[in-house]
Amino acid sequence: MSRRVIIDTDTAGDDTQAILMAVLADSLTVEALTVVAGNVEFDRQVENAKYTLDLAGVADEVPVHEGARSPLVKEFEHVPHVHGEGGLGGDLFPETGIDSARAYAPDAIVEAARDSPGEVSLLCIGPLTNVALALRREPALGDLLDSVYVMGGAVNTLGNDTPAAEFNFWVDPDAATVVVDDLDVTLVDWGLCVRQGTLDADDIAPFEAAETEYAEFFATIAEAPREFSRRQQGVDAVTQSDSIAAACLLEPDLIEGSGTYYVDVDEREGMTRGYSLVDELGVTDNEPGTRVVERIDGEQFYRTFSDMLLHGDPERSL
Ligand code: RIB
Ligand code: CA
């Protein structure tokens, strides 16, 4: 029986690949996409989400709910310099003309969880504002969800938005604090994604050579982050962080190593805003509560990602 999931997303290029992986997987039923402020201008993110669903032929099956257009408290900046203007590589894609679903995203999350207790999972691949707002509406949300996978944080390693913080946690640290505290989260952090989810030019070459619609879409959306990587680090590569989180939800056996630790997030403004404290040594007197993914089967992840792009079937080699 397929597992039901809601994907909370700040839809830019890397989010689109996680969304494709989930909607193309037979063992998952994507109940809805909920859009949250993050990567690029909000209405472009909404369009990017709809475009991705339309590309996979499921736009009439998967509703897109609009959510928080800004973090709970903080000011923030979009990152078009990473994902390209509009978030999908650089050129703006045509409007889909698809209507958004009626319900506000946090309400849609709560409604789905209450209607089917224990059956719906959350895949969170953007700032956690919508999820924190859902928790305000339903404090028992954690008891009503199946599992919660979050792409966010930098576990005792360099952040990508500041030296201290990964982007999703930096944008809305107030929300991240609440979510890691109140929900049983499986955390896929930026450090894991850099170690095991970074595709270099050789990894990408088969996708550029392929003529499938998904491979061509990937080549387009990867242009801007590859250029950003060349500029910032002198390396032609792109890190598929959201897809790693999606792959871990899709195939829990992908996870080869994890630890459960106390995790907190610094919500103070300043140079450690969004810093994810992960008590790996157990030196604080706090209860461990967050499952941190420390190692995945990187070769299997690449096969899963390749199968999605080349065959439209991320489960082909599972
Ligand atoms: O830090 C990477 C994360 O921030 C990804 O989810 C990316 O899409 C942005 O949301
Ligand atoms: Ca994202």
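So, how was this worked out
Residues numbered from 1 in each chain as written. Chains lettered and ligands numbered in written order. Predicted model: local features only at pLDDT ≥ 70, side-chain atom pairs only at ≥ 80, totals over all residues. Heavy atoms only, no water. Helix = DSSP H or I, 4+ residues; strand = E, 2+ residues; numbered from the N terminus. Contact = heavy atoms within 4.5 Å. Phe/Tyr/Trp six-rings, centres within 6.5 Å; stacked < 30°, edge-to-face > 60°. Buried < 20%, exposed > 50% of the residue type's maximum accessible area, 1.4 Å probe, protein only. Near = heavy atom within 4 Å. Polar contact = N/O pair within 3.5 Å; in protein donor to acceptor, adjacent residues only side chain to side chain. Areas by Shrake-Rupley, 256 points an atom, 1.4 Å probe, with all protein chains shown as cover. Nonpolar A, V, L, I, M, F, W, Y, C, P; charged D, E, K, R; others polar. Donors = N, O, S within 2.8 Å, 3.2 Å for Na, K, Ca; no water. Pairing = 2+ DSSP bridges. Axes fitted to C-alpha atoms, helices over the stretch in contact; angles between N-to-C directions. Core = buried A, V, L, I, M, F, W, Y, C linked by side-chain atoms within 4.5 Å. pLDDT = per-residue confidence, 0-100. Salt bridge = Lys/Arg side-chain N within 4 Å of Asp/Glu carboxyl O.

Summarising the element assignment, Asn39 is placed in the loop between β2 (28–35) and α2 (42–55). Among all residues touching Asn39, those that are not within four sequence positions of it are Asp10, Ala12, Asp14, Asp15, Gln45, His78, Val79, Pro80, His83 and Phe167.

Ring pairs (aromatic) are described by centroid distance and by the angle formed between their planes. All chains considered together, the criterion is met by eight aromatic pairs. Pairing Tyr51 with Phe217 gives two aromatic rings, centres 5.5 Å apart and planes at 45°, and the pair type is tilted. With Tyr51 in helix α2 and Phe217 in helix α11 (residues 213–233), the pair connects residues that are 166 residues apart, well separated along the chain. The class of Tyr51 is partly exposed, set by a relative accessible area of 22%. Relative to Phe305, the ring of Phe301 lies with its centre 5.9 Å away and its plane at 35°, an arrangement referred to as tilted. Note that Phe301 and Phe305 are positioned in helix α13 (residues 298–311) at a spacing of four residues, about one turn of the helix. Overall, Phe305 belongs to the buried group, its relative accessible area being 0%.

All residues in the neighbourhood of ligand 1 are listed as Asp10, Asp14, Asp15, Asn39, Ile125, Met151, Asn160, Glu166, Phe167, Asn168, Ser241 and Asp242. Between ligand 1 and the protein, one listed contact pairs an oxygen atom with a side-chain N or O atom of Asp14 at 2.8 Å. One of the side-chain N or O atoms of Asn168 is found 2.7 Å from an oxygen atom in ligand 1. Isolated, ligand 1 exposes 270 Å² of accessible area, and the fraction of that covered by the protein chains is 96%. Within the residue set of the shell around ligand 1, elements represented by two or more residues are α1 (13–24), α7 (167–171) and α12 (241–250). Of the residues that constitute the shell around ligand 1, the class distribution is three nonpolar, four polar and five charged.

So, about the coordination of the calcium ion (ligand 2). Asp10 (OD), Asp15 (OD), Asp15 (OD), Ile125 (O) and Asp242 (OD) make up the full set of protein donors to the calcium ion (ligand 2), lying at 2.1 to 2.8 Å. In primary sequence terms, the donor set of the calcium ion (ligand 2) follows D-x4-D-x109-I-x116-D. Summarising the burial analysis for this pair, Asp10 and Asp15 share the class buried.

For the rest of this paragraph, the subject is the sheet that holds strand β6 (residues 185–188). Strand order in the open sheet formed by eight strands is β3-β2-β1-β4-β5-β6-β12-β9, and the pairing between neighbours is mixed. One side of each edge strand has no neighbouring strand; the edge strands of this open sheet are β3 (64–66) and β9 (255–261). The sheet shows a mean angle of 25° between the axes of neighbouring strands, taken without regard to direction. Pairing geometry for strand β4 (residues 120–125) and strand β5 (residues 145–151), over four bridges, is parallel. Opposite Val120, over in β5, you have Leu145 as the bridge partner.

Within the secondary structure, Glu280 is located in the loop between β11 (276–278) and β12 (290–296). Assessed through its relative accessible area of 36%, Glu280 is described here as partly exposed. At 2.4 Å, the side chain of Glu280 and the side chain of Asn156 are in polar contact.

For the rest of this paragraph, the subject is the nonpolar core. By size, the foremost hydrophobic cluster in this structure holds 60 residues, and its most contacted members are Leu33, Leu53, Leu123, Phe218, Cys248 and Phe305. Residues Cys124, Leu144, Val263 and Val292 belong to the second largest nonpolar core, which totals 33 residues.

Next up on the list: the environment of Thr129. Inspection of the secondary structure puts Thr129 in helix α5 (residues 129–137). Accessibility expressed as a relative area gives 1% for Thr129, which makes it buried. Along the primary structure Thr129 and Glu75 are separated by 54 residues, whereas in three dimensions their C-alpha atoms are 13 Å apart. Excluding residues that lie within four positions of it along the chain, Thr129 makes contacts with Val36, Ala68, Ser70, Pro71, Leu72, Asp172 and Ala175. A distance of 2.6 Å separates a polar atom in the side chain of Thr129 from a polar atom in the side chain of Asp172.

Time to look at the confidence of the model for the protein. When pLDDT is averaged along the protein, the result is 97; 100% of the residues meet or exceed 70. For the protein, the element scoring lowest by mean pLDDT is helix α3 (residues 80–83), at 94; α5 scores highest, at 99.

This part is about the pattern of salt bridges. Summed over all chains, the structure comprises 15 salt bridges. Asp107 serves as the salt-bridge partner of Arg137, at 2.5 Å between the closest nitrogen and oxygen. Taken as a pair, Arg137 in helix α5 and Asp107 in helix α4 (residues 105–115) lie far apart in primary sequence, 30 residues in all. With a relative accessible area of 33%, Asp107 lands in the partly exposed category. One salt bridge in this structure joins Arg114 and Glu138, with 2.8 Å as the shortest N-O distance. Here the residue Arg114 occupies a position in helix α4, and Glu138 occupies one in the loop between α5 and α6 (141–144), the gap between them amounting to 24 residues. Taking the relative accessible area as the measure of exposure, Arg114 reaches 45% and is therefore partly exposed. Glu138 sits in the buried class, given a relative accessible area of 12%. Within this structure, Glu208, Arg226, Glu227, Arg230 and Asp236 form a network of salt bridges that share partners.

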